[in-house]
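Given next are the chains, with one letter for each unit.
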Amino acid sequence: MNEERWLLPAGIEEVLPPEAQIIESLRRDLLDLYAGWGYELVIPPFIDYLESLLTGTGQDLDLQTFKLIDQLTGRLLGVRADMTPQVARMDAHHLRRDVPTRLCYLGTVLHTRPDGFASTRSPLQIGAEIYGHAGIESDAEILQLVMLTLRTAGITESYLDLGHVGIYRGLACQAGLDAAQEHALFGALQRKAVPEIESLIGRFGLSGPIADMLASLAELNGADALVRAEEALRAADRPVREALDYLRGLAEELHRWLPEVGVHYDLAELRGYRYKTGVVFAAFVPDWGLEIARGGRYDDIGQVFGRARPAVGFSTDLKGLLRHGKRLEERVQDSGRILAPWSSDPALREAVERLRASGRIVINALPGFEQDPRQLGCQQQLVSRDGRWEPHDIDTIDNQ
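Residues numbered from 1 in each chain as written. Predicted model: local features only at pLDDT ≥ 70, side-chain atom pairs only at ≥ 80, totals over all residues. Heavy atoms only, no water.

Asker: What exactly am I supposed to notice about the overall build of the protein here?
Answerer: A tally of regular secondary structure across the protein gives 13 helices and 16 strands. Its C-alpha atoms give the protein principal-axis dimensions of roughly 95 × 55 × 50 Å. The burial tally for the protein puts 48% of its 400 residues in the buried class. Across the protein, contacts joining residues at least 24 apart in sequence account for 69% of those joining residues at least 6 apart. Total accessible area on the protein stands at roughly 20,200 Å², and carbon and sulfur atoms take up 52% of it. Across the protein, the 43 positively charged side chains and the 59 negatively charged ones have centroids separated by 3 Å. (Helix = DSSP H or I, 4+ residues; strand = E, 2+ residues; numbered from the N terminus. Buried < 20%, exposed > 50% of the residue type's maximum accessible area, 1.4 Å probe, protein only. Contact = heavy atoms within 4.5 Å. Areas by Shrake-Rupley, 256 points an atom, 1.4 Å probe, with all protein chains shown as cover. Lys, Arg positive; Asp, Glu negative; His and termini not counted. Charge placed at Lys NZ, Arg CZ, Asp CG, Glu CD.)

Asker: Just to check I follow, could you spell out the side chain of glutamate 141 for this structure?
Answerer: By the secondary structure assignment, glutamate 141 is in helix H4 (residues 136–152). When its relative accessible area of 14% is taken as the criterion, glutamate 141 is described as buried. Setting aside residues up to four positions removed in sequence, glutamate 141 forms contacts with Trp37, Tyr39, Arg102 and Ile130.

Asker: Could you clarify how one ought to interpret the confidence of the model for the protein in this entry?
Answerer: Do not read the fine detail of predicted coordinates wherever pLDDT is low. In the predicted model, the protein carries a mean pLDDT of 91, and the fraction of residues at 70 or more is 94%. Taken element by element, the predicted model of the protein shows its lowest mean pLDDT in helix H13 (residues 394–398) (73) and its highest in strand E1 (residues 40–41) (98). (pLDDT = per-residue confidence, 0-100.)

Asker: What should I look at first to understand the pattern of salt bridges in this one?
Answerer: A side chain with one charge may pair with a side chain of the opposite charge, provided their charged atoms come close. Applying the stated criterion across every chain, the model contains 24 salt bridges. Among the salt bridges present, the one from arginine 248 reaches aspartate 245, with a minimum N-O distance of 2.7 Å. Taken together, the residues arginine 248 and aspartate 245, both in helix H10 (residues 238–257) and 3 residues apart, mark about one turn of the helix. Measuring nitrogen to oxygen at the nearest pair gives 2.9 Å for the salt bridge that ties aspartate 299 to arginine 297. In this structure, a network of salt bridges that share partners links the residues Glu24, Arg27 and Arg28. (Salt bridge = Lys/Arg side-chain N within 4 Å of Asp/Glu carboxyl O.)

Asker: It is not clear to me how the environment of cysteine 104 should be interpreted in this structure. Could you clarify?
Answerer: Along the polypeptide, cysteine 104 turns up in strand E5 (residues 101–108). If near-sequence neighbours (up to four positions away) are discounted, cysteine 104 is found in contact with Leu31, Tyr34, Tyr39, Glu40, Leu41, Val42, Gly127 and Ala128.

Asker: How do you make sense of the sheet that holds strand E14 (residues 361–364) when you look at a structure like this?
Answerer: Backbone hydrogen bonds hold the strands of a sheet together, and the pairing may be parallel or antiparallel. Taken in spatial order, the 4 strands make up an open sheet running E14-E13-E15-E16, and their pairing is mixed. At either end of the open sheet lies a strand with only one pairing partner, and these are E14 and strand E16 (388–393). Between one strand axis and the next, the sheet turns by 35 degrees as a mean value, whatever way the strands run. Both strand E13 (residues 337–340) and strand E15 (residues 378–385) contribute to a ladder of 3 bridges, which runs parallel. (Pairing = 2+ DSSP bridges. Axes fitted to C-alpha atoms, helices over the stretch in contact; angles between N-to-C directions.)

Asker: Looking at this model, I keep getting lost on unusual backbone geometry. Mind explaining?
Answerer: Note on backbone geometry: most residues besides glycine have negative phi, and most peptide bonds are trans. Looking along the chain, the bond that leaves proline 17 and enters proline 18 is cis, with omega of 0 degrees. Positionally, proline 18 belongs in the segment before helix H1 (19–36). Phi angles above zero are rare outside glycine, and lysine 192 is one such case at about 50 degrees. Its place among the elements puts lysine 192 in the loop between helix H6 (179–191) and helix H7 (194–203).

Asker: Can you help me understand the sheet that holds E5 in this one?
Answerer: Read from one edge of the open sheet, 9 strands run E1-E5-E6-E12-E11-E10-E7-E9-E8, paired in mixed fashion. On the outer flanks of this sheet lie E1 and strand E8 (221–222), each paired with one strand and no other. Alignment of E8 against strand E9 (residues 262–266), held across 2 bridges, turns out to be antiparallel. In the sheet register, asparagine 221 faces E9, and the bridge partner there is aspartate 266. Together, E1, E5, strand E6 (124–131) and strand E12 (311–317) form the strand contacts of H1, whose direction differs from that of E6 by roughly 5 degrees.

Asker: Explanation requested: H4 in the structure shown.
Answerer: Side chains that are three or four residues apart share a direction in an α-helix, a result of its 3.6 residues per turn. End to end, H4 covers 24 Å across 17 residues, agreeing with the expected 24 Å (1.5 Å per residue, within 8%). With respect to burial, H4 is a largely interior element, 13 of its 17 residues being buried. (Expected span 1.5 Å × (residues − 1).)

Asker: What is the right way to look at the nonpolar core in this model?
Answerer: In summary, soluble globular proteins display a tendency toward joint burial of nonpolar side chains. In terms of nonpolar packing, the biggest core is built from 81 residues, with Tyr34, Ile167, Tyr168, Leu171, Leu185, Leu233 and Leu267 touching the most fellow members. Tallying contributions element by element places H4 first for this core, with 8 residues. Excluding anything up to four places from it in sequence, leucine 185 contacts Tyr168, Leu177, Ile197, Leu200, Ile201, Phe204 and Leu214. Within the second largest apolar cluster, 14 residues are counted, among which are Tyr131, Tyr298, Ile301 and Phe305. (Core = buried A, V, L, I, M, F, W, Y, C linked by side-chain atoms within 4.5 Å.)

Asker: Just checking my understanding: could you explain the packing of H4 against H10 for this structure?
Answerer: Two quantities define a packed helix pair, namely the angle between the axes and the distance from one axis to the other. With their axes 10 Å apart at the nearest point, H4 and H10 run at an angle of 50 degrees to one another. Taken together, the axes of H4 and H10 lie oblique to each other. The two elements H4 and H10 cross, and the hand of that crossing is right-handed. Together, Ile136, Asp139, Ala140, Leu143 and Gln144 of H4 and Tyr246, Gly249, Leu250, Glu253, Leu254 and Trp257 of H10 make up the contact between the two elements. Here the contact of H4 with H10 is composed, by residue class, of 7 nonpolar, 2 polar and 2 charged. (Parallel < 35°, antiparallel > 145°, perpendicular 65-115°, else oblique. Left-handed = near helix turned anticlockwise from the far one by under 90°. Nonpolar A, V, L, I, M, F, W, Y, C, P; charged D, E, K, R; others polar.)

Asker: What is the right way to look at the pairing of E14 in this model?
Answerer: Regular strands have side chains that alternate between both faces of the sheet. Examined bridge by bridge, E13 and E14 share 4 bridges and lie parallel to one another. Following the sheet pairing, leucine 339 is matched in E14 by isoleucine 363. At this point the chain moves from E13, through helix H12 (residues 346–357), to the parallel E14, and the crossover so formed is right-handed. (Right-handed = clockwise from strand over helix to strand, strands pointing away.)

Asker: Can you help me understand the environment of glutamate 231 in this one?
Answerer: Along the chain, the position of glutamate 231 falls in helix H9 (residues 225–232). Within polar-contact distance, the side chain of glutamate 231 engages the side chain of arginine 234 at 2.7 Å. (Polar contact = N/O pair within 3.5 Å; in protein donor to acceptor, adjacent residues only side chain to side chain.)

Below is the structure:
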């Protein structure tokens, strides 16, 4: 048993050098990026009352949340599986602003099981959200930030997948589906199981235009999906048409801001259907069948905290960005380590402080360890010549 103490739980990872430094460098760059757009950093607690975590978006995360009893109060606590409900509480209950509020966050979340999004049970989640604005413009801003996040991580090839939960929700209402029927058809649409979709529609006693429109959703995906939807959903009620118009408007706005980004549409993609209220989106990279970032609009999330404001945002996993980014190792600004002898010589200390202030890494040689400086990753060593301590290449010193 002792031999297995180095093992970690499934889906839980350690981050070692140099990946940890790369992640930290990326973290700083992304938070600086968001700050430049006016997003203020918040730090939600790692553990919270379960009812707070499972509010709004949290209802979709019940099975993903670790639960435990608070030994002080006896109340049920949860380890956060997503930070959006907590950030919504900050906006609604603590900040209570009357203007649009931009917030960003970063921290570890914990899942009971790996999901397709991060392929880990401990994602290092980073995200940004806008509260207090309902409209295409804030959706477009968040999507710009998604693409800038990927580029900052070194991901140069990606595309967006857009949908709108109002389309299926409107058709289900038009068809008169009850909650159980709506849920069953929702599951089949997520799998794009066309025979099952058709079987369910028949079992529900639906026929005519509404049956055809529901069945068509599984096929309404791709770059031209909105064009085909114009004909396929022409008999839809007003809420469905309004959702389609909204998607068209967002597509036009994105083309103005992100003309180089490929945009696909999937009218049967309903990520977060139980809490999303409008646009849903995900970013994908080639040769990876799962999303690298995701988000959407969730206008009612703050209601239970006393103030429902329009809201849109996204999140991604820093470790996932590292996995798919190219040349991320170049982010670590390490121009070579320098070994300094152990000495209290004021001139040596001054030289070391000067080098460290300029961004160089200087390692003190600890007495009692006779070793090659290269074992410490040092390419240079401080040498005193004519009363001045200057770095010299190890190879040059060896040859003297």
